[in-house]
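Chain and residue survey
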Amino acid sequence: HTKLLAKFKPSAYSDDLAGSILFKNNRAILQLPAKNNNSTGNILDLMKDFDTCVTLDIEKYVERIRAASKITTAPHCKITVFEKGLKTTIRQNNSEVSVSTGNTSGLVKKVCHIPLLVWMTFLKCLDAKIIQVLTGGDNLCLRTQSTIIVTRALP
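The following paragraphs examine the structure supplied in this document. (Residues numbered from 1 in each chain as written. Predicted model: local features only at pLDDT ≥ 70, side-chain atom pairs only at ≥ 80, totals over all residues. Heavy atoms only, no water.)

Another aspect to go through is the packing of helix α3 (residues 59–70) against helix α4 (residues 116–126). Between α3 and α4, the shortest axis-to-axis distance is 11 Å and the interhelical angle comes to 150 degrees. Relative to α4, α3 is oriented roughly antiparallel. Of the two elements, α3 crosses α4, and the hand of that crossing is left-handed. From α3, Y61, V62, I65, R66 and S69 reach across to α4, where they touch L116, W119, M120, L123 and K124. (Axes fitted to C-alpha atoms, helices over the stretch in contact; angles between N-to-C directions. Helix = DSSP H or I, 4+ residues; strand = E, 2+ residues; numbered from the N terminus. Parallel < 35°, antiparallel > 145°, perpendicular 65-115°, else oblique. Left-handed = near helix turned anticlockwise from the far one by under 90°. Contact = heavy atoms within 4.5 Å.)

Okay, structure coming up:
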């Protein structure tokens, strides 16, 4: 949607229509789906629905994700959160690279797709060896003692 919006070059917008944002340029109107922003702005309100928490050592995992990203041009990756593990799968054409940390043989708690560069940025921002991954609803949370990142992550 971001690429489409950049090419559209809107001159005005409206968010009066529930579930959508309308953009207008000199020649056309573009309607994109949108979810209303959380009005409270309180991180604890965003985190109340999380039902799974996994503590992981990601030191080598982050290094392997960076290495895998250098050999692919895939825009997205698949994140699979297990009871005690995490796996990132990067798929391009007929090949697939998976990088995991923790125990990935247990029960799958969440599967979502995130842009690869966004995922790598999240991991870099955490700047920690040990993190917690929380899931609940459409949200995914990465946290350390000093940083909390919550993002909407759809299947």
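Summarising the element assignment, S20 is placed in strand β2 (residues 20–24). A polar side-chain atom of S20 sits 2.9 Å from a polar atom in the side chain of Q31. Apart from residues no more than four positions distant in its own chain, S20 is found in contact with S14, D15, Q31, L32, P33 and A34. (Polar contact = N/O pair within 3.5 Å; in protein donor to acceptor, adjacent residues only side chain to side chain.)

What follows concerns α3. For α3, every residue scored as buried is listed here: Y61, V62, I65, A68 and S69. Buried residues of α3 fall within an arc of 125 degrees about the axis and therefore sit on the same side. Across α3 from its buried face, at more than 90 degrees, point the exposed residues K60 and K70. Tucked into the core, α3 has its buried residues touching β5 (76–92), β6 (95–115) and α4. (Buried < 20%, exposed > 50% of the residue type's maximum accessible area, 1.4 Å probe, protein only. Arc of directions from axis to C-beta.)

On to unusual backbone geometry. Despite not being glycine, N93 has its phi angle at roughly 50 degrees, a positive value. When you line up the elements, N93 lands in the loop between β5 and β6. Although it is not a glycine, D127 sits at a positive phi angle of roughly 45 degrees. Relative to the helices and strands, D127 resides in the loop between α4 and β7 (130–136). Classification of D127 as exposed rests on a relative accessible area of 69%.

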